[in-house]
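# Per-entry structural report
Residue strings, one per chain:
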Number of protein chains: 4
Amino acid sequence: MEEFFPEVDRIAYEGPESDEALAFDYYDPEEVVGDRTMAEHLRFSVAFWHTFTEDGSDPFGAPTMRRPWDDIEDPMEQAKARVRAAFEFMDKLGVPYFCFHDRDVAPRGDSLAETNENLEEIVALIEEQIERYDVELLWGTAQLFYEPKYVHGGASSPDADVFAHAAAQVKKALDVTERLDGENFVFWNGRDGYETLLNTDMGLELDNTARFLRMAADYAEDIGFDGQLLLEPKPEEPTKHQYDFDAATAFAFLRKYDLDDRFALNVEANHATLAGHTFEHELRYARTNGVLGSVDANRGDKLLGWDTDQFPTDVYATTLAMYEVLENGGLTPGGLNFDAKVRRASFEPIDLFYGHIAGMDAFARGLKAAHALVESGELTSFVEERYESYQEGIGRKIVEGDTDFEELNRHALDTKPIEVGSGRQERLESVLNRYVLEP
Amino acid sequence: MEEFFPEVDRIAYEGPESDEALAFDYYDPEEVVGDRTMAEHLRFSVAFWHTFTEDGSDPFGAPTMRRPWDDIEDPMEQAKARVRAAFEFMDKLGVPYFCFHDRDVAPRGDSLAETNENLEEIVALIEEQIERYDVELLWGTAQLFYEPKYVHGGASSPDADVFAHAAAQVKKALDVTERLDGENFVFWNGRDGYETLLNTDMGLELDNTARFLRMAADYAEDIGFDGQLLLEPKPEEPTKHQYDFDAATAFAFLRKYDLDDRFALNVEANHATLAGHTFEHELRYARTNGVLGSVDANRGDKLLGWDTDQFPTDVYATTLAMYEVLENGGLTPGGLNFDAKVRRASFEPIDLFYGHIAGMDAFARGLKAAHALVESGELTSFVEERYESYQEGIGRKIVEGDTDFEELNRHALDTKPIEVGSGRQERLESVLNRYVLEP
Amino acid sequence: MEEFFPEVDRIAYEGPESDEALAFDYYDPEEVVGDRTMAEHLRFSVAFWHTFTEDGSDPFGAPTMRRPWDDIEDPMEQAKARVRAAFEFMDKLGVPYFCFHDRDVAPRGDSLAETNENLEEIVALIEEQIERYDVELLWGTAQLFYEPKYVHGGASSPDADVFAHAAAQVKKALDVTERLDGENFVFWNGRDGYETLLNTDMGLELDNTARFLRMAADYAEDIGFDGQLLLEPKPEEPTKHQYDFDAATAFAFLRKYDLDDRFALNVEANHATLAGHTFEHELRYARTNGVLGSVDANRGDKLLGWDTDQFPTDVYATTLAMYEVLENGGLTPGGLNFDAKVRRASFEPIDLFYGHIAGMDAFARGLKAAHALVESGELTSFVEERYESYQEGIGRKIVEGDTDFEELNRHALDTKPIEVGSGRQERLESVLNRYVLEP
Amino acid sequence: MEEFFPEVDRIAYEGPESDEALAFDYYDPEEVVGDRTMAEHLRFSVAFWHTFTEDGSDPFGAPTMRRPWDDIEDPMEQAKARVRAAFEFMDKLGVPYFCFHDRDVAPRGDSLAETNENLEEIVALIEEQIERYDVELLWGTAQLFYEPKYVHGGASSPDADVFAHAAAQVKKALDVTERLDGENFVFWNGRDGYETLLNTDMGLELDNTARFLRMAADYAEDIGFDGQLLLEPKPEEPTKHQYDFDAATAFAFLRKYDLDDRFALNVEANHATLAGHTFEHELRYARTNGVLGSVDANRGDKLLGWDTDQFPTDVYATTLAMYEVLENGGLTPGGLNFDAKVRRASFEPIDLFYGHIAGMDAFARGLKAAHALVESGELTSFVEERYESYQEGIGRKIVEGDTDFEELNRHALDTKPIEVGSGRQERLESVLNRYVLEP
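Before going into details, it helps to say that this report is about the structure given with it. (Residues numbered from 1 in each chain as written. Chains lettered and ligands numbered in written order. Predicted model: local features only at pLDDT ≥ 70, side-chain atom pairs only at ≥ 80, totals over all residues. Heavy atoms only, no water.)

With that out of the way, let us pick up the pairing of strand β7 (residues 136-141) of chain D. Residue and element names in this part refer to chain D. Burial within β7 is extensive, with five of its six residues counted as buried. Sheet analysis places β7 next to strand β8 (residues 184-187), joined by three bridges and oriented parallel. Bridging across to β8, T141 finds its partner in V186. (Buried < 20%, exposed > 50% of the residue type's maximum accessible area, 1.4 Å probe, protein only. Helix = DSSP H or I, 4+ residues; strand = E, 2+ residues; numbered from the N terminus. Pairing = 2+ DSSP bridges.)

Written out as structure tokens, the structure is:
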């Protein structure tokens, strides 16, 4: 059988002392951290689109990347080669999951029916590959933003035919996700938002989006898909303003339309920072509100205003993210999907390995640091002590809903000058450093 | 009686041809625009704190502003002079409303009880002034961010005594707002957020904030206050991250805790842009979700990352804001409160007049432009046509909830290539220019 | 002869009262404003690339735009059609200038030599069109960012062969610009910057860029090109950090390498705001430092972090820009080039007209407002008075270099408390509004 | 003698295994790294103003910090206690340098003469303390932004008397810096910029600033001060736009006015990020252009738009900064000044120690990581190889200035398709992680 990355063997854990670039410094899938192995904690996933269809083009430049399957002319054969390459890649890397959009894996046909047929044929191959390799589907999704018909949105399009087409596409994508035993299904509908309010009926667009999602959830139920349904917040890009701006906006939407029992969130690091939040904020917010579903593991550049989708290599970010994941009791059935792409200037196939290794090592180290932090209780005990006045007296009454403004007023009038304690931020940052550097 | 601004007479409308700086170019309170006078549409309010207590200090500089009442040494006498100056100012300016924080109008005493007494005494004077002049209270609020005890927040403080104190303060502020026939009551609790997640129990803090607001609403009901209760979103500053980040975050909170029937939003222009939204976005979002309550009329500097609270002088912004207000059927019982301060370098008392005149003229012109735009139907008809496919056929079924993915799929499979129309943004921007420039 | 935009006649000035969308509300080329006609002041230029080669694709979406020449299969025939369409367009619009990149007008061949031949052939056609229509070349430029070889930069590439290729390309572009009597030549080398400092020798890259520009200027001189040479600042995108970050950075570079006599700047509005400056700041800075050469007239979205290149429709921005241009004594030999593209959702050919009309009207109105402002002297006289202490006494000595710290110290020790005046920002913003709204 | 921090002993190095919060995990002043001790490399300095005069107030809140010297009523006695506390603090912390503004150490008098006398008296005490403790003056500066007279700037003020006063103040500050053997003198004139261009003569203001600096340099020479003179760039805050926006803008200014031989730059981390640059970018730019003079070691919050001046605790940032410092051959006579303040919520005196320990440990670890990175040559050799085409052939000719566009054109016409190599960013980020985590 053809091999797409013959220069690469299975990537092994060798530890940080090793000089080998094609080895893990920190990720050892079998290493037990707390009650699970690293692999079980991290549930890494490769994003099919970034890794197997990106070509390095950007708004100012032509493709820079030549992949081993680029010479195949027949679109279906090329698509199949890409799938085989993907499984070879994931196998060599030792990643247990992948994610895909319907339109990334299979070429479009001349009609929706033909496109569906193409998709079916490729999905059959994927099914075969899943059986052969130890790789499963974390989530599927429908790509509702690339084609010109989606220029004004999918579910939020001003055109009802587009809405219907989007529905048909999601229906099919749900079908194949179910067929492949996908554990989740994601909605990121990148044109559902607006370019200018001057031409936009925001109320109708939001209502229609809710109608769409409700029908999607009903259909998922009808076909027996019991995976998790996920919305993915992003503030802007490609549109000027997206309706799922951030976790809070998506949560507001879910609450308004009574959809919060049926959908959770897929939180992406780069989308968080574009929205003016840290990654850990979005995770904490989603966790606190019971909607932390899955994670797109990447990073942005806080000085750049677009979605750079870089591989996550900042160990502070991975530590704080894994802290939230541990406090959440893990992410299952979600996972850590590398929604990340190698830079345009990192155009050699080997860079795909370097990028993923960099990200996997950073998360492995972050897991160990976060676990040590949790185990030590240094943060938790500080926080518990800080809020202990809510454990008894008037604090307890507040928490139990057993007081009112009259009583609180009497309490306040009787209280001597209040002395609050230091927030100790600088000290806590030193503590964090110790766990990041010596986990 | 003493006069604080003897160099200024009542500000009159003179039109743009006039050279008089102390006159309105566009604001003519009696001018009828559509079904109301300008004054009825705009419901302008002066912010007591910015206009009568700001001293021009900033994090790098000492006060620059000397006001006529600054020489009075006794704090209560100074506070009273300030109140009389405020009403003289508002009367000369012809502004029908004002807003205040409890701690801006009256000095603190040695205890909460004494502070309350001070407040009562000043409120009696305000009551007298309200009767004398044609000026009313748009809203009152409690200042829960200045004092050291609020360093970690008010309702979200880790200390239950602080929570109680905040409750007592809001109780009193509600009492005096009711006494003064205030039409609204605002909650902007600027320390309710976090400095670092490392020391923060976000879940408890949000729950407590909801408990606080529920008790506040109950208390308002108890005392027969039938004004509107308002949350004011702001993304950051003074804290690193505020819980009421933007309209959507505040709405999510209200929905989660079933408070959306009892609270609406006070939308501020500068807070909108700090959160990465346009002013008109926040207004549209709030309007669409039924929670547009009132407006803090100011502007930020999109290139600066803090709350500059400048007077609103951009006629595009005022036009688009008034468009939302008109589409909302007006703001009543809310209004347009100038939460704006003159620049540190505009330290002369006369600059207070220039600032408000600039803002009032900009909103008056914006009202006329927005009204002309609404009347013409140029935008509305474009938008209606754009979404007309939801008026019949499959579109109507979607909107009426009378279809599902199976039917939509069949429809999509039968649909010929979909042709959508241009969004026409550039043309619509020309149209907007025409109404802004020739209303 | 074929007509590409048969649905459009010559765009005429009809004034704001007219309902005609395909007419100017404010731009009347013959109208005299001060000492020149509007056309002479504004020197509008169409950007060939945006208007005739953009297809509406973005990082998340396929092309949306079908142009009349898109069906022509032969690349040279298509290129020729595009040129003829461009001149028809410019003629109908009444724009007197255009700008182009070498690679936008003519297709690449299999070798540099063949590419050069293609370019020559197209340039011959352009020459013919220039003669036929009343349209001239504002500036030419070489596109040194699209091809994969430029992935790490052109003049700043780590590869000397790429440097040589870039030189060859600029040489040819200078040749054809000279042949077409271009009045300027622009350098925007979008990959001259870095993606990561980890792999970058900034010192060598800057030195090489200076060597490149010096050779370019020498070559221009050799061939007798007496147009203006221009650098175009941009802070980022496509690279993480561009060497010509803003006007000040470009000016620092020119001073360091003694190139400030040979190059001026092409200031772009959207690049200004991406760099954290207002458009008028960059114009003022360039003007003050004697390097204001030409202008790319567009606008960004201050809430978005990428180069949106929208048509300039904000009359405040155009007024303040034209104020700088008037104070500069005009822009000649530079001009106002619409480096702007219609939105992806404005994909119909007619939108190209709407976009340009919107921009031209906004600048025409801005010119009138700026002219009225200058004529009135309201700003100038305020500013002169503000600085009048430098006209005599110690101020005069400071300006004339006729004092030192010893004397200034004695002066300060003798000075009574200093009273400075208000900066009057709010009042000046009202004044600006009056001129913008009633020019 | 009174002790201000009796609860703290001398802070010792105990290593990361120690549980002691008041000890260094990484900073061991005597540890030799390469050719110097840690202390010699790092040259830490305490900022007098942040550490001994900040009170925790912010634009929305009252002071939160009570210091041991706050109860002393007499201003001069309080100032002296503060100085003694400072030296006790620096001694316990083991920091070898400090920095101060004239107005932070001594109170203002009723006249400039009296203020100068106060300063003299305090400086005498400082001189005494310097002798007693092993602490020296890294730099002095004059505070030209706090007082109302500086509302429109110091050297760039529209008022010549203000210019003179600023000159007198700098003169005195240079005198005392010389007297205290200060190794540098810094100019950060926080109001030298503008609030609005509408009232600003940028040309005159820049010219005057240059005149001011030239006179300052002349005066420094006159009095035999042979320390380094430094400009400190900052983009904005307190003004809307500062003239020393970033390193490049300051360098442009120095080149334009022929001041680059007399001034270098004091680069601050937080100012870098406010200007849209990374800290390491500003260091690299300054180093490459020969003007890296000293460093203000702190950090901002990239999601916040103001100068948060936090203690630097991100080891990536300190590693990349120390990499530049090492490549610069050290910073002498500059140093690493902690221009950082504890958070408003970290109001206890002990937090001052925690903050500095956090910063010193982060820089110590960064030094070790950077040193290991340099020693290993992993980056350097990659970079050298990347640019090796400039070592011979056409590349060498380019670098030696021995070619022209004609020759380069011939070379390009002869060159076969150019193949450039990958930039390897992801791999290099893995390498960086290895050195940060295992130095």
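Residue and element names in this part refer to chain C. If you walk around this closed barrel you meet the eight strands as β5-β6-β7-β8-β10-β12-β13-β14, and the pairing is parallel. In this sheet, neighbouring strand axes are inclined to one another by 30 degrees on average, regardless of whether the strands run parallel or antiparallel. Bridge analysis of strand β8 (residues 184-187) against strand β10 (residues 228-231) gives four bridges, and the strand direction is parallel. From the neighbouring strand, V186 faces β10, where its bridge partner is L230. (Axes fitted to C-alpha atoms, helices over the stretch in contact; angles between N-to-C directions.)

This part covers the interface of chain B and chain C. One widely used convention gives an interface's size as the accessible area the parts lose upon coming together. In this complex, chain B contributes 48 residues to the contact, which on the side of chain C involves 48 residues. Of the roughly 3800 Å² buried between chain B and chain C on both sides combined, carbon and sulfur atoms contribute 51%. For the chain B face of the interface with chain C, the top three residues by lost area are L303, E426 and L437 of chain B, together amounting to 18%. Counting across the chain B and chain C interface gives eleven salt bridges. Our enumeration of links across chain B and chain C arrives at 28 residue pairs in polar contact (both at pLDDT 80 or more). Of all elements in the fold, only α11 (315-327), α12 (349-376) and α16 (425-437) of chain B reach the threshold of two or more residues within the side of chain B that touches chain C. (Contact = heavy atoms within 4.5 Å. Buried area = accessible area lost by both parts, 1.4 Å probe. Salt bridge = Lys/Arg side-chain N within 4 Å of Asp/Glu carboxyl O. Polar contact = N/O pair within 3.5 Å; in protein donor to acceptor, adjacent residues only side chain to side chain.)

To continue, consider the relation of the copies chain B and chain C. Once chain B is rotated about the relating axis by 180 degrees and shifted along it by 0.0 Å, it coincides with chain C to within an RMSD of 0.0 Å. Overall, the copies show the geometry of a two-fold rotation axis. Residue L437 of chain B of chain B places its C-alpha closer to the rotation axis than any other residue of that unit, at 2.8 Å. Of all interface residues in chain B, 100% are interface residues in chain C too; the two copies therefore contact each other through one and the same surface. (Least-squares fit on C-alpha atoms with pLDDT ≥ 70 in both.)

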